[in-house]
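An overview of the molecular structure
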Amino acid sequence: SKRDIREKVWEHLEASGLAEFPRPVHGRIPNFKGSLQACGSLGALPAFCRAREVKVDPDKPLEGARLAALQARKTLLVPTPRLRTGLFNRIVPPPGASREILRRCATSQGVKDFSVPVGLDGKAQVDLVVVGSVAVSEKGWRIGKGEGYADMEYAMMVSMGAVREDTPVVTIVHDCQVLDIAEELMDDHDLTVDYILTPTRTIQTHCKRPKPQGIMWHKAMSSEMLGKIPILKTLRCRERQAGKDVTLRDEHPALANANRAAASNQEVMPANTQPRAAPASAPAGQPHVENDPGDPKSEGSDTISTVCLGNLPGRLRASELKSALRELRVAPVGLSWQGAQHRAFLHYRDPGAAGRAVAALQGLSLGGNALRAELAKSQRSKGEIGTDK
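Below is a short write-up of the structure. Please read these numbers as outputs of a predicted model, since none were measured by experiment.

Cut-offs applied
- Residues numbered from 1 in each chain as written.
- Predicted model: local features only at pLDDT ≥ 70, side-chain atom pairs only at ≥ 80, totals over all residues.
- Heavy atoms only, no water.
- Helix = DSSP H or I, 4+ residues; strand = E, 2+ residues; numbered from the N terminus.
- Buried < 20%, exposed > 50% of the residue type's maximum accessible area, 1.4 Å probe, protein only.
- Contact = heavy atoms within 4.5 Å.
- Phe/Tyr/Trp six-rings, centres within 6.5 Å; stacked < 30°, edge-to-face > 60°.
- Lys NZ or Arg CZ within 6 Å of the ring centre and 35° of its normal.
- Pairing = 2+ DSSP bridges.
- Axes fitted to C-alpha atoms, helices over the stretch in contact; angles between N-to-C directions.
- Core = buried A, V, L, I, M, F, W, Y, C linked by side-chain atoms within 4.5 Å.
- Polar contact = N/O pair within 3.5 Å; in protein donor to acceptor, adjacent residues only side chain to side chain.
- Salt bridge = Lys/Arg side-chain N within 4 Å of Asp/Glu carboxyl O.

**Re the overall build of the protein**
Looking only at helices and strands, the protein has 13 helices and 18 strands in total. By residue count, 52% of the 389 residues in the protein fall in the buried class. Of the contacts made within the protein by residues no fewer than 6 positions apart, 68% connect residues no fewer than 24 positions apart.

Below, the structure written as structure tokens:
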């Protein structure tokens, strides 16, 4: 899973002594030894030489990229932290700024001291995008730190007309962060990259996977995110007025019935405090197993892939979850229900189907709970379905 890959990279950077300030690198776009050397390769890219306006993320390992843009007298845009106060800051060094002042402008403090805000009406025309990554593949698949801001910022730039289909995207990482990543882990709202710069290599990915064509409200945005990022409310209002579907992922119609059912069950809970009896077919202490007609046990399948779905509402029924899964087109061939632990195990015939289910379910809201979806640690044989604790 993406989470596994992130943990692997963070742990390796720390254990190998490659991690740099700020530490620990866990939970961050990691800074690494050689980041300035990697950023120095940016100036040799024809795409950078042609660019007049460059967007560079505020992460520490990209400080050299911000400095390169300022030294080349390009317009530098840096996203505001977590987009709380707007979309971008344009860095404006003082007239006649020395190299030392430019270095300061490229730091996080300099971004605060030498910038002016750029909003949705700022008429930005970005010619090159530089993003941080936790991991990236030579094919251009990118994994960030898990919060989705780089993907969101790019989608917002598409919506405001600030980037084109052919606007190059560059990421700067250590060589050890270049890994094989299964395409099945990538979703439609994930940003891909065209160039990878490391301390020793410049990799052109020739990635053909389309980049996000705007904000995918039903997959990437939730009510919680809308509350934290005011500029999203403005953009959503504009897109709604333009006739676009701006349904949020926790307003997804496929989950509407299950959400209503969970809410209804929650309302009657005070009057019915006794827990529901386990189905007669489930022995005491064992999970309740729901199997669809396509259960691989009846088709001779040897192995399946399992997704652990957690943080389920306490009063949700297995039948309600199965209905929502069918609507989302990620119905499993078998389901191991552990309602008392607020989780279920979804069994799929192959890793690709399981990966698509994780991408579709992660973070979706059900009965007010943000779901947690991840691949189970091991593959289940057909004889083990329903025995997982």
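**Observations regarding the packing of aromatic side chains**
Following the criterion strictly, the structure yields zero aromatic pairs and no others. When the ring centre of Phe-48 is taken as origin, the NZ or CZ atom of Lys-74, which lies over that ring, is 4.9 Å away.

**Considerations on the sheet that holds strand E9 (residues 195–197)**
With mixed pairing, eight strands are arranged side by side in an open sheet as E4-E3-E2-E1-E5-E8-E9-E10. The sheet is open, and its two borders are formed by strand E4 (115–118) and strand E10 (202–204), each paired with just one other strand. Shown here is a sheet whose adjacent strand axes are inclined to one another by a mean of 25°, direction ignored. Examined bridge by bridge, E9 and E10 share three bridges and lie antiparallel to one another. In the strand pairing of E10, Tyr-195 is matched with Gln-204. Across the sheet, helix H4 (residues 63–71) lies against strand E1 (53–56), strand E2 (75–79), strand E3 (88–91), strand E5 (128–131) and strand E8 (169–172), angled at about 150° from E2, the strand it touches most.

**Digging into the environment of Asp-151**
By the element assignment, Asp-151 lies in helix H7 (residues 149–159). For Asp-151 and Val-131, which are 20 residues apart along the polypeptide, the C-alpha to C-alpha distance reads 9.5 Å. What Asp-151 contacts, discounting residues up to four positions off in sequence, is Arg-142, His-189, Asp-190 and Leu-191.

**Observations regarding the nonpolar core**
By size, the foremost hydrophobic cluster in this structure holds 47 residues, and its most contacted members are Leu-42, Phe-48, Ile-91, Leu-128, Val-130, Val-170 and Ile-172. With five residues, the single largest contributor to this core is H4. The contacts of Val-170, once residues within four sequence positions are left out, are Leu-42, Leu-45, Leu-128, Val-129, Val-130, Val-131, Tyr-195 and Leu-197. In this structure, Met-156, Met-160, Ala-162 and Leu-248 belong to the second largest nonpolar core, which totals 39 residues.

**Concerning the side chain of Thr-306**
Looking at the element boundaries, Thr-306 is found in strand E12 (residues 303–310). Polar contacts involving the side chain of Thr-306 include one to the side chain of His-347, which spans 3.1 Å.

**Topic: the pairing of E3**
Remark: a regular strand shows side chains that alternate across the two faces of the sheet. Alignment of E2 against E3, held across four bridges, turns out to be antiparallel. Across the sheet, Pro-79 pairs through a bridge with Phe-88, a residue of E3. Here four bridges tie E3 to E4, and the two strands are oriented antiparallel to one another. Following the sheet pairing, Arg-90 is matched in E4 by Val-116.

**Some words on H4**
Burial analysis of H4 places eight of its nine residues in the buried class, which makes it a mostly covered element. All of the buried residues in H4 are Glu-63, Gly-64, Ala-65, Arg-66, Leu-67, Ala-68, Ala-69 and Leu-70. Phi for Arg-73, located one or two positions after H4, is positive at around 60°.

**Some points on unusual backbone geometry**
Put simply, Phe-21 and Pro-22 share a cis peptide bond, and its omega is 0°. With respect to the element layout, Pro-22 can be found in the loop between helix H1 (2–15) and helix H2 (35–40). In this structure, Arg-73 takes a positive phi of about 60° despite not being glycine. For Arg-73, a relative accessible area of 62% corresponds to the exposed category. Here Asn-311, not a glycine, exhibits a phi torsion of approximately 65°, which is positive.

**Digging into the pattern of salt bridges**
Applying the stated rule across the entire model yields 14 salt bridges. Among the ionic pairs, Arg-209 bridges to Asp-188, the shortest N-O distance being 4.0 Å. With a gap of 21 residues between them, Arg-209 in the loop between E10 and helix H8 (217–220) and Asp-188 in the loop between E8 and E9 connect regions that are remote in the sequence. Put simply, Lys-211 and Asp-194 hold a salt bridge, and the shortest N to O gap is 3.1 Å. Taken together, the residues Lys-211 in the loop between E10 and H8 and Asp-194 in the loop between E8 and E9 connect sequence positions 17 residues apart. Accessibility expressed as a relative area gives 10% for Lys-211, which makes it buried. Judged by its relative accessible area of 15%, Asp-194 falls in the buried class.

**Brief notes about the environment of Ser-108**
Within the element layout of this structure, Ser-108 appears in helix H6 (residues 108–113). Sequence separation between Ser-108 and Glu-63 is 45 residues, and the spatial gap between their C-alpha atoms is 8.3 Å.

**Here we look at the side chain of Ser-336**
Within the secondary structure layout, Ser-336 lies in strand E13 (residues 334–338). For Ser-336, a relative accessible area of 2% translates into the label buried. Polar side-chain contacts of Ser-336 include one of 2.8 Å to the side chain of His-347.

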